[in-house]
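# Remarks on the overall topology
What follows is each chain in one-letter form.
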Protein chains: 6
Amino acid sequence: MRPSGRQTDQLREVTLQRHFTKHAEGSVLVSFGDTQVICTASVDSGVPRFMKGEGRGWVTAEYGMLPRATGSRNQREAARGKQTGRTVEIGRLIGRSLRAAIDMELLGENTVTIDCDVIQADGGTRTASITGAFVALSDAINGMLAEGTLKKNPIKHNVAAVSVGIWQDTAVLDLDYAEDSTAETDLNVVLASNGGFVEIQGTAEGEPFMPDQLKAMLDLAEKGGRDLFEIQNRALTEA
Amino acid sequence: MRPSGRQTDQLREVTLQRHFTKHAEGSVLVSFGDTQVICTASVDSGVPRFMKGEGRGWVTAEYGMLPRATGSRNQREAARGKQTGRTVEIGRLIGRSLRAAIDMELLGENTVTIDCDVIQADGGTRTASITGAFVALSDAINGMLAEGTLKKNPIKHNVAAVSVGIWQDTAVLDLDYAEDSTAETDLNVVLASNGGFVEIQGTAEGEPFMPDQLKAMLDLAEKGGRDLFEIQNRALTEA
Amino acid sequence: MRPSGRQTDQLREVTLQRHFTKHAEGSVLVSFGDTQVICTASVDSGVPRFMKGEGRGWVTAEYGMLPRATGSRNQREAARGKQTGRTVEIGRLIGRSLRAAIDMELLGENTVTIDCDVIQADGGTRTASITGAFVALSDAINGMLAEGTLKKNPIKHNVAAVSVGIWQDTAVLDLDYAEDSTAETDLNVVLASNGGFVEIQGTAEGEPFMPDQLKAMLDLAEKGGRDLFEIQNRALTEA
Amino acid sequence: MRPSGRQTDQLREVTLQRHFTKHAEGSVLVSFGDTQVICTASVDSGVPRFMKGEGRGWVTAEYGMLPRATGSRNQREAARGKQTGRTVEIGRLIGRSLRAAIDMELLGENTVTIDCDVIQADGGTRTASITGAFVALSDAINGMLAEGTLKKNPIKHNVAAVSVGIWQDTAVLDLDYAEDSTAETDLNVVLASNGGFVEIQGTAEGEPFMPDQLKAMLDLAEKGGRDLFEIQNRALTEA
Amino acid sequence: MRPSGRQTDQLREVTLQRHFTKHAEGSVLVSFGDTQVICTASVDSGVPRFMKGEGRGWVTAEYGMLPRATGSRNQREAARGKQTGRTVEIGRLIGRSLRAAIDMELLGENTVTIDCDVIQADGGTRTASITGAFVALSDAINGMLAEGTLKKNPIKHNVAAVSVGIWQDTAVLDLDYAEDSTAETDLNVVLASNGGFVEIQGTAEGEPFMPDQLKAMLDLAEKGGRDLFEIQNRALTEA
Amino acid sequence: MRPSGRQTDQLREVTLQRHFTKHAEGSVLVSFGDTQVICTASVDSGVPRFMKGEGRGWVTAEYGMLPRATGSRNQREAARGKQTGRTVEIGRLIGRSLRAAIDMELLGENTVTIDCDVIQADGGTRTASITGAFVALSDAINGMLAEGTLKKNPIKHNVAAVSVGIWQDTAVLDLDYAEDSTAETDLNVVLASNGGFVEIQGTAEGEPFMPDQLKAMLDLAEKGGRDLFEIQNRALTEA
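Residues numbered from 1 in each chain as written. Chains lettered and ligands numbered in written order. Predicted model: local features only at pLDDT ≥ 70, side-chain atom pairs only at ≥ 80, totals over all residues. Heavy atoms only, no water.

Per an unreviewed UniProt entry, chain A goes by the name Ribonuclease PH and belongs to Reinekea blandensis MED297. Under the UniProt heading Catalytic activity (unreviewed entry), the entry covering chain A gives this text: "tRNA(n+1) + phosphate = tRNA(n) + a ribonucleoside 5'-diphosphate". The Sequence similarities (unreviewed entry) comment attached to chain A in UniProt states, word for word, "Belongs to the RNase PH family." (UniProt positions renumbered as here; feature names shortened; annotations may be inferred.)

Put into structure tokens, the structure is as follows:
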């Protein structure tokens, strides 16, 4: 029995509130249960110097967490003058995941910068970030199409992410903090709506995980991915 | 005629949403019109080393802004490895302002850290931060009283802040971005509910401001302060 | 009775030694009693990138303090790799104050960088810095006029600064360290010689200050400003 | 046909030169073909502050690359004052991987710090680092056992790592730079000699990879892991 | 003929103004011609952690230069967040030089920190710094003796420094900027009043210097050292 | 009797292994006894901005040490975010030394960057670095001549370095760690094969060293230089 009473293959309640702030070209408040992340997409014409003149676009991402998004306060990274390894690593993961959704030729020499800022953390902040960021990115892309900056939609397929893990010897979907902090294995899976995998990152916290456990987790992840694509699509078709 | 259609002595709509996030001892989403700031208060027993053993408490604050809180994206300070001068200066102002509200002997050797993170900016982020932070601080203090950490309430009076300025030769209250970016003079005033001033910071953007203009601005600030104290008190008496 | 035996409206002895060092276009050793600051003005043709092509000039300032300018040694900021919030804040204040003295169109696309380095501190380092920096800036501007870089004098009026405060319930002018460290309220006022205010920054260290106290302090500041403009002008007319 | 002429399931030549430098408790030069990494293990009594008094040990790792380990020179991270995100991420991966090999209770309150410094890079630096670091860690542990610091061997099983990928639509083992830079998918797998997985990190560089491709890569990884454990064990039994 | 008209073995005018600022335990304004450096000595009881309990003292030094001490403005190191290699190197040289003057057992567990801040540069800032710092250190030590912190004088001998060089094929003493910037060889020599050398640092800017040139320079340095010890002693015997 | 049993004028065994790594234009593993340094030379067309258009080349160097090159582990400078003063100072010394070997006109607008990374330290890391770096630089230059980038050899003479010191009252050549850590005086000498000195850096660790001791050390250094030039030349003539 999971702490939240959920089934092993059941996501937390996932909500995607578009147009959450007014300035960004895409702005989404995503929640996976009590985990809440503001995802914004900012569009700039031009690309980083090393890519100039190739006719291809760029998508990059940064991740942050408000100091008191967690049970005890973390030092503010800007005040400390340095991002933690974890922060840098998650920002890089989000960027790679979203780049997999985009045909860079069709994006042309434009850059979309994604910011994912966690305002409340309860496990799964990176998977919520990727899932919400895809919707913010879609809104930004749709704006570029509407205003004629882009002629053709560069989005190849949805991208969403979910965590799976081995908790009390059982494979479970979408771990919350209570599960995550006691799980034996934690696997973050980024999926594409064409049925493929974009990223897989799994870590055995204690004992190594066995091939059959890996298979059970991957099956759950695929199920979770299908649910998330549906939630994304529903949100994107709302006015 | 102000861009927003407001009277010269009229605040924007001010809202204070308490318990906005779940982990912090005090958590308030404050909005002054389209300016929105998450203010959290975090309680720690103990004080910084240089104050140990004196039996007095400490209140400190930090300020931040999400990269896309503004019309164009600002570089993330944590990624850049350095806070801007403006960020540091506002954090220091918020801390001084809130310390003026507290009897440090009654707080005992406890530290309250205030974080003000702007999620949407439309002028007046520092005044909104101070006004909202006072409510977050009050919630944290009330929690300490409820659980017996504090015996007596250390809050001496409310503290709130408002901007006034000279815009098109007229003194106006609570400038939004459209006014702020074209104002001749900008004065931020932090007030106490006992009728006194806690901080005054005024800057002539172009021509120096004259003594009679200063008087007109200070009168408006006192009026704005009275309005804000009422809004704070109403929010604090809600369940 | 003030520790120094001064009247409540009496400045410390203020001296302005021009041409203090030989390389800078303007170089002034200013002293407000025992507070001593080296102010230099450095002229560069060109302006920061974001201002290019607008035909306007720029004035910026930085502040520093020698490690042993004070009673006990402070860590060297260059060694520590970071300026304190106070340092950054004062540098920004000096820059804003001096920009208010200059017609940027007449300065043309030139930049003047002001450096204020405190070699001995006894209260009022920021007000001494601004007062001395105006003279260094004037010398630099006069040099640009003499060599024909500028056709018309861009200086609109003098700028000087003075602190006022409430010390032992009395409003006093130009606080030294002994007063400053025990004052209830400290107000730094930057004045223009046309009778206007450029900056006002006041902080209640303990109790909020009342409107009548504010009025008394502002009156003293205006008196102090008149004295300082006279001292500046006298220095500038010396050979 | 692979650029190196290898079979799809064939490792590059892997060598492990123990006692490569004289000061470290464990010191191994590992090569996977032309990729060469110096792995050292340094033993300290005591653990980081947050773990004190729990009777458990700690293993941590850092990664670096000489500026000219690669085809063109990279800026020295120490001179730049900042590690890249990639560097931090790999250091964290190495640390997690090795911690999975150790029973921290049996290690007692001792810390082993692993340094992996790449002197020549040709693809697979992180997998070579983990594979070599395990041998350096083993030497350090054996030294602690020999001198009586440890009573019982805390090593639970071997840990080694290998990359697999989809290159020209085929799953291949242990990609060198020529393959890695053109692979469609890159999967780094850290394996334990008990048959389990410690870490899985896979990224689709272009198109998402399909479940059957993932299965083919995981099978190759298990084969490569068995080969590496044998090579490690052979090295460790040499005098 | 030297630009300044000096003899080859002639120092610039050297002055040592003691008690230059009021807070430091030793404070000297040293000038070697137009080169001017403020040298302060700050006394703290206690020593750095790695020396605790050994009963020995410590002397350390830092060096800095005001941004406009030179012909064109240098970026402020504190603002840049990093000291240049040259700054760090000179600070270390000053520290080593002064430590050679002191019997650390007799200094006891006290630390003297020397700050040398160049306010005007015209060549030879490091040699002026060392020569002036010795006098500031002496004043600080004499203060410790006077107040009974020290029982016995830990100063073993004077330390002073001078530059020599090959300028237009001739060995010259105490190069000013005009000579230094065109010299073929520059040798900084730190001397002790017992006739020994404390530090020798020589660099061939263009062609290597020959053994006979080295001998000529060392002879000049010894002559310069004798002159400087006399100037130091004369300054130290003034009231 | 020296700890190593060497004569007072005897170098440790010096080896120079060329083509140590495959990517760099010059790559040498140098050992002076147990001190081992990887020296690489990287060639770039172009020069730093401040030298552009003058038709002259540039040689620069950086120095580093693997964390466990020494008896106890040193913090990794890249992780710490800052190079120590010692590291910066040695990098600057290596750069100056090698520039003395090169006719910058003949090098044309090309930059050679030397990296010296110590993998095992036993005293004399800077002298080994310079001696090995000259060979790496020569290989890079020879490559540029072979491929026609350079028309004429810009190498004016060999450069090599050696330490000498006063150890137990005797002048000795090429101190190893056992001697270096107890030497009274340590003098690093960089020599040119035309018989001149490029750099001399001597420090009295305890008592100042006397003129006759200096002479004895310089004589030993000249002898060591002759030995090193022979070893360099022998290495450079190997296939």
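Residue and element names in this part refer to chain C. Look at helix α4 (residues 125-146) against helix α6 (residues 211-237): their axes get within 11 Å of each other, and the N-to-C directions meet at 35°. Crossing hand, α4 versus α6: right-handed. Residues Thr131, Phe134, Val135, Ser138 and Asp139 of α4 lie in contact with α6, whose contacting residues are Leu228, Gln232 and Leu236. Classifying every residue of the contact of α4 with α6 gives four nonpolar, three polar and one charged. (Axes fitted to C-alpha atoms, helices over the stretch in contact; angles between N-to-C directions. Helix = DSSP H or I, 4+ residues; strand = E, 2+ residues; numbered from the N terminus. Left-handed = near helix turned anticlockwise from the far one by under 90°. Contact = heavy atoms within 4.5 Å. Nonpolar A, V, L, I, M, F, W, Y, C, P; charged D, E, K, R; others polar.)

Expressed as a screw transformation, the operator carrying chain A onto chain B has a rotation angle of 180° and an axial translation of 0.0 Å, and the superposed copies differ by an RMSD of 0.0 Å. The transformation relating the two chain copies, once decomposed into turn and shift, fits a two-fold axis. Here 100% of the contact residues of chain A are again contact residues in chain B; the copies associate through an equivalent surface. (Least-squares fit on C-alpha atoms with pLDDT ≥ 70 in both.)

All right, on to helix α4 (residues 125-146) of chain B then. All names here are of chain B. With 22 residues, α4 ought to run about 32 Å at 1.5 Å a step, and its terminal C-alpha atoms sit 31 Å apart, in line with that. For α4, the buried fraction is high: 17 of the 22 residues fall into the buried class. Immediately downstream of α4, the backbone of Gly148 shows phi near 85°, a positive value. (Expected span 1.5 Å × (residues − 1). Buried < 20%, exposed > 50% of the residue type's maximum accessible area, 1.4 Å probe, protein only.)

A few words now on the interface of chain A and chain D. Taken residue by residue, the interface counts 29 residues in chain A and 29 residues in chain D. When chain A packs against chain D, the two sides together hide about 2500 Å² of surface, and 55% of this comes from carbon and sulfur. On the chain A side of the contact with chain D, Glu89, Phe197 and Ile200 of chain A bury the most area, a combined 22% of that side's loss. At the boundary of chain A with chain D, the tally comes to four salt bridges. (Buried area = accessible area lost by both parts, 1.4 Å probe. Salt bridge = Lys/Arg side-chain N within 4 Å of Asp/Glu carboxyl O.)

Here chain A sits on chain D after a turn of 180° about the axis and a move of 0.0 Å along it, with an RMSD of 0.0 Å. Here 100% of the contact residues of chain A are again contact residues in chain D; the copies associate through an equivalent surface.

Turning our eyes to something else, we now look at the state of the cysteines. Following the criterion strictly, the structure yields zero disulfides over all chains and no others. With no disulfide of its own, Cys39 of chain B has Cys116 of chain B as its nearest cysteine by sulfur position, at a separation of 4.0 Å. (Disulfide = S-S within 2.5 Å.)

Moving on, we get to the UniProt feature "binding site: phosphate" (unreviewed entry) in chain A. Residue and element names in this part refer to chain A. Those places that UniProt annotates as "binding site: phosphate" (unreviewed entry) correspond, in this numbering, to Arg86, Gly124, Thr125 and Arg126. Taken along the chain, the residues just named run across 41 residues; in space they keep tight, none of their C-alpha pairs more than 13.3 Å apart. The residue Thr125 is located in helix α4 (residues 125-146) in this model. By relative accessible area, which is 6% here, Thr125 ends up buried. The contact partners of Thr125, leaving out residues within four places of it in the chain, are Thr35, Val37, Tyr63, Met65, Arg86 and Val118. At 2.6 Å, the side chain of Thr125 forms a polar contact with the side chain of Tyr63. Relative to the helices and strands, Arg126 resides in helix α4. In this structure Arg126 touches Arg86, Ile90, Leu93, Asn188 and Gln201, once residues within four positions along its chain are discounted. (Polar contact = N/O pair within 3.5 Å; in protein donor to acceptor, adjacent residues only side chain to side chain.)

Between chain A and chain E there is no contact, and the shortest C-alpha to C-alpha separation is 11 Å. With no contact formed, the shortest span from any C-alpha in chain B to any C-alpha in chain F equals 11 Å.

What follows is about unusual backbone geometry. Even without a glycine there, the phi angle at Gln168 of chain D is positive, about 50°. As for its position among the elements, Gln168 of chain D is in the loop between β6 (159-167) and β7 (170-173). On the basis of relative accessibility, which here comes to 55%, the residue Gln168 of chain D falls in the exposed class. Positive phi, normally seen in glycine, also occurs at Asp174 of chain E, with a value near 60°. Relative to the assigned elements, Asp174 of chain E resides in the loop between β7 (170-173) and α5 (177-180).

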